[in-house]
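Okay, here's what each chain looks like letter by letter:
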Amino acid sequence: MYLRPATALPRQLTTNWSHHRRPVGCGMVARSPADDVEETLARWLGPNTARNAVRVFSERSLKKPPGALTAADLPELLRALQPMLRTLVGTEQSNEILAQLERRIGP
Amino acid sequence: MNVFRLALLPLVGMVGFLVAAWLLPEAWGGAALFFWAAVATRSLAAGGEFLAGSCFRFGDLLRWGWWFWAFGDACLVLRTGIEGPTHFVLTTPGHLHLSILLLVLANLAAVLGALFMARVWFASGLARAFDSWRQIAWSAVVSTLALLAVAPLLARSARATLAGDSSFVLPLLSASSDLASLLLVSPMLLLALSVRGGRLAWSWGLVVVSFVGWMFVDLAQGYGPGFLSARIGQVLENAFAVFASLAIFAAGLAQRWAVSPAPGATRGRD
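Source: prediction; values computed, not measured. (Residues numbered from 1 in each chain as written. Chains lettered and ligands numbered in written order. Predicted model: local features only at pLDDT ≥ 70, side-chain atom pairs only at ≥ 80, totals over all residues. Heavy atoms only, no water.)

Points about the overall build of chain A
The line we're drawing: What counts as a helix is a DSSP run of H or I of at least four residues, what counts as a strand is a run of E of at least two, and both are numbered from the N terminus. The criterion used for residue contact is that any of the two residues' heavy atoms lie within 4.5 Å.
When helices and strands are tallied, chain A shows four helices and three strands. Secondary structure elements of chain A, listed N to C terminal, follow the sequence β-α-β-β-α-α-α. Considering only residue pairs separated by 6 or more positions, chain A has 48% of its internal contacts joining residues 24 or more positions apart.

Quick look at the overall build of chain B
The test is simple: When we talk radius of gyration, it's over C-alpha atoms, and the globule rule is simply 2.2 Å times the number of residues to the 0.38. Residue burial is assigned from relative accessible area. The probe radius is 1.4 Å, only protein chains are included, and a residue is buried under 20% of its type maximum, exposed over 50%, and partly exposed in between. The accessible surface values rely on the Shrake-Rupley method and a 1.4 Å probe; as for residues, cover is taken only from the protein chains in view.
Within chain B, the regular secondary structure consists of eleven helices and zero strands. For chain B, the N- to C-terminal ordering of α and β elements is α-α-α-α-α-α-α-α-α-α-α. In summary, chain B has a C-alpha radius of gyration of 19 Å against a globular reference of 18 Å for 270 residues, a match within 12%. The C-alpha extent of chain B, read off along each of the three principal axes, is 70 × 40 × 35 Å. For chain B, buried positions account for 47% of its 270 residues. Here the analysis covers contacts within chain B between residues at least 6 apart in sequence; of these, 76% occur between residues at least 24 apart. Counting every atom, chain B has about 12900 Å² of accessible surface; 73% of that belongs to carbon and sulfur.

Concerning the interface of chain B and chain A
Basically, it comes down to this: By buried area we mean the combined loss of accessible area, with a 1.4 Å probe, across both parts when two parts are placed together. The term salt bridge refers to a pairing of a side-chain nitrogen on Lys or Arg with a carboxyl oxygen on Asp or Glu at a separation within 4 Å. Here a polar contact means two N or O atoms within 3.5 Å. Within protein one must be a hydrogen donor candidate and the other an acceptor candidate, and residues neighboring in sequence count only if both atoms are side-chain atoms. Each residue gets one of three labels, nonpolar for Ala, Val, Leu, Ile, Met, Phe, Trp, Tyr, Cys and Pro, charged for Asp, Glu, Lys and Arg, and polar for the others, Gly among them.
Between chain B and chain A, the residue contacts involve 30 residues of the former and 25 residues of the latter. Surface buried jointly by chain B and chain A totals about 2400 Å² across both partners, of which 50% is contributed by carbon and sulfur atoms. The tally of links from chain B across to chain A stands at one salt bridge. Among the salt bridges present, the one from glutamate 92 of chain A reaches arginine 57 of chain B, with a minimum N-O distance of 3.5 Å. On inspection of chain B and its partner chain A, the count reaches seven residue pairs in polar contact (both at pLDDT 80 or more). Elements represented by at least two residues in the side of chain B that touches chain A include exactly helix H4 (61-83), helix H5 (93-123), helix H6 (126-129) and helix H9 (185-194) of chain B. Residues of the side of chain B that touches chain A, tallied by class, amount to 14 nonpolar, eight polar and eight charged.

With respect to unusual backbone geometry
Residues and elements named next belong to chain A. The phi dihedral of lysine 63 is positive, around 55°, even though this residue is not glycine. Turning to its location among the elements, lysine 63 is positioned in the loop between helix H2 (33-61) and helix H3 (74-89). On the basis of relative accessibility, which here comes to 66%, the residue lysine 63 falls in the exposed class.

Observations concerning the confidence of the model for chain B
Residues and elements named next belong to chain B. Let me state the cut-off plainly: For every residue, the predictor reports its confidence as pLDDT, a number between 0 and 100.
With 94% of its residues at a pLDDT of at least 70, chain B reaches an overall mean of 90. Note that pLDDT drops below 50 for residues 265-270; the model gives that stretch 14 contacts with residues more than four away or on any other chain. Complex prediction metrics read pTM 0.87 and ipTM 0.85.

Some words on a nonpolar patch on the surface
Our working definition: Here the term patch refers to residues with relative accessible area over 30% and no salt bridge, with like charges joined within 9 Å and nonpolar side chains (Val, Leu, Ile, Met, Phe, Trp, Tyr) within 5 Å.
On the surface, a nonpolar cluster with roughly 880 Å² of combined accessible area is contributed by Phe4, Leu8, Leu11, Val12, Val15, Val19, Trp22 and Leu23 of chain B. Mapped onto the fold, leucine 8 of chain B is located in helix H1 (residues 3-23).

A few points about the nonpolar core
Defined as follows: By nonpolar core we mean a set of buried residues, namely Ala, Val, Leu, Ile, Met, Phe, Trp, Tyr and Cys, connected to one another through side-chain atoms within 4.5 Å.
By size, the foremost hydrophobic cluster in this structure holds 74 residues, and its most contacted members are Val37 of chain A together with Trp66 and Met188 of chain B. Considering every element that reaches this core, the biggest residue donor is H2 of chain A, with ten residues. Dropping the residues within four chain positions of it, tryptophan 66 of chain B is found in contact with Glu49, Ala52, Gly53, Phe56, Met117, Val207, Ile248, Ala251, Gly252 and Gln255 of chain B. Phe17, Leu33, Ala37 and Phe240 of chain B belong to the second-largest nonpolar core, a separate cluster that totals 15 residues.

Some points on the side chain of asparagine 107 of chain B
All names here are of chain B. For asparagine 107, the location among the structural elements is in helix H5. From its side chain, asparagine 107 meets the backbone oxygen of leucine 103 in a polar contact 2.9 Å long. Not counting the four nearest positions on each side in its chain, asparagine 107 is found in contact with Leu173, Ser174 and Ser177.

Some thoughts on the confidence of the model for chain A
Residues and elements named next belong to chain A. Mean pLDDT over chain A works out to 76, with 70% of the residues at or above the 70 mark. When pLDDT is averaged over each element of chain A, H3 comes out on top at 92 and helix H1 (residues 11-17) at the bottom at 40. Predicted confidence for residues 1-25 stays below pLDDT 50, and this span has 58 contacts to residues more than four positions away or in other chains.

What to know about H2 of chain A
Convention followed: One fewer than the residue count of a helix, multiplied by 1.5 Å, yields its expected span.
Spanning 29 residues, H2 of chain A covers only 15 Å between terminal C-alpha atoms, well under the ideal 42 Å at 1.5 Å per step. Downstream of H2 of chain A by a residue or two, lysine 63 of chain A has a phi angle that is positive, lying close to 55°.

Examining the pattern of salt bridges
Residue and element names in this part refer to chain A. This model, assessed by the stated rule, comprises six salt bridges over all chains. The salt bridge involving lysine 64 is made with aspartate 73; its shortest N-O contact spans 2.7 Å. Here arginine 79 ties to glutamate 76 by a salt bridge, and the two come within 3.1 Å at their closest N and O atoms. Remark: glutamate 76 and arginine 79 occur in helix H3; sequence separation between them is three residues, near one turn of the helix.

Side note on the packing of H5 of chain B against helix H8 (residues 169-183) of chain B
Residues and elements named next belong to chain B. To be explicit about the condition: A fitted line through C-alpha atoms serves as each axis, taken over the contacting stretch for helices, and the angle formed by two N-to-C directions is quoted from 0 to 180°. Throughout, the term roughly parallel applies to angles under 35 degrees, roughly antiparallel to angles over 145, roughly perpendicular to angles from 65 to 115, and oblique to all others.
Look at H5 against H8: their axes get within 9 Å of each other, and the N-to-C directions meet at 10°. It follows from the interaxial angle that H5 and H8 lie roughly parallel. Of H8, the residues touching H5 (which contributes Ile100, Leu103, Val104, Asn107, Ala110, Val111 and Ala114) are Leu170, Leu173, Ser174, Ser177, Ala180 and Ser181. Classifying every residue of the contact of H5 with H8 by side-chain character gives nine nonpolar, four polar and no charged.

Here it is as structure tokens:
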């Protein structure tokens, strides 16, 4: 779990990502693994589609909102995202992106 | 790669073509310019499409979409090459048959390529996340524009073919293929809109821009004879073809760039 001061964030950042962040006390917000997945996917898919994809696949496959995901949920989420990524960026690049995400956030 | 500069290439190429057509004397600025511009830009388009398809594996839809387009453009380059600037070989039966075969193959490949590319929108699952009314609205707009662009050409060649003039069979085939390809643009446009802000937006955006260029070629062919002199009509038609070919070349390079590893993607835990 990554912590950063909520008060230090500019308004537009907290607005865009608010549905993924949970206050954890001491003026800090929790950064869900879904945020990292979303941030990485946004490089290829753009912010809107990346956010929608993470939301839809986490609700459909894990029956959880993105903000409630933990590092242990990540493999399941990545498996759910794989067909979409494979179609859009190809098999090799999608494997690469998912492997990087696993290395970056995995438990 | 500076993808923004790459995206400007079609516009720069079209302006360059128009300036050359305007400044060069008739001997160079007419059929010879049209011929060399078509050979050069179509070759670039085929190369860009081939490179884009090479980024993907055999099982990936995008490989087949790009490679069908590359094959179609390669057929057109070959056809333009054997016909020459003055289409003199069309008087030889062997060359004529080869030219017809290449045109049929190019049209078939263009439609198959567009089918594969349009299929990406549905296979990715993005279609389910996009508002269905907006999808219908965009599809209606694109279909109307495609019909408006191709209708005069299609009607003229269909009328002549039905009246027994076999020389209009090939224009009828080309117009039908153009219409089929243009009707398949809406899934590509929706995909380009969905991924805006991401790397993939450049390649899909440029693919759509290329189709817009071809739509203008059809408009110039269909409506030009009624409004423009023959020379201006030809220059405009070829200028839009240069624009469309360079746009698909740029789209191919942008696709390669988009699916290459992003800088910073390998960084470790934040």
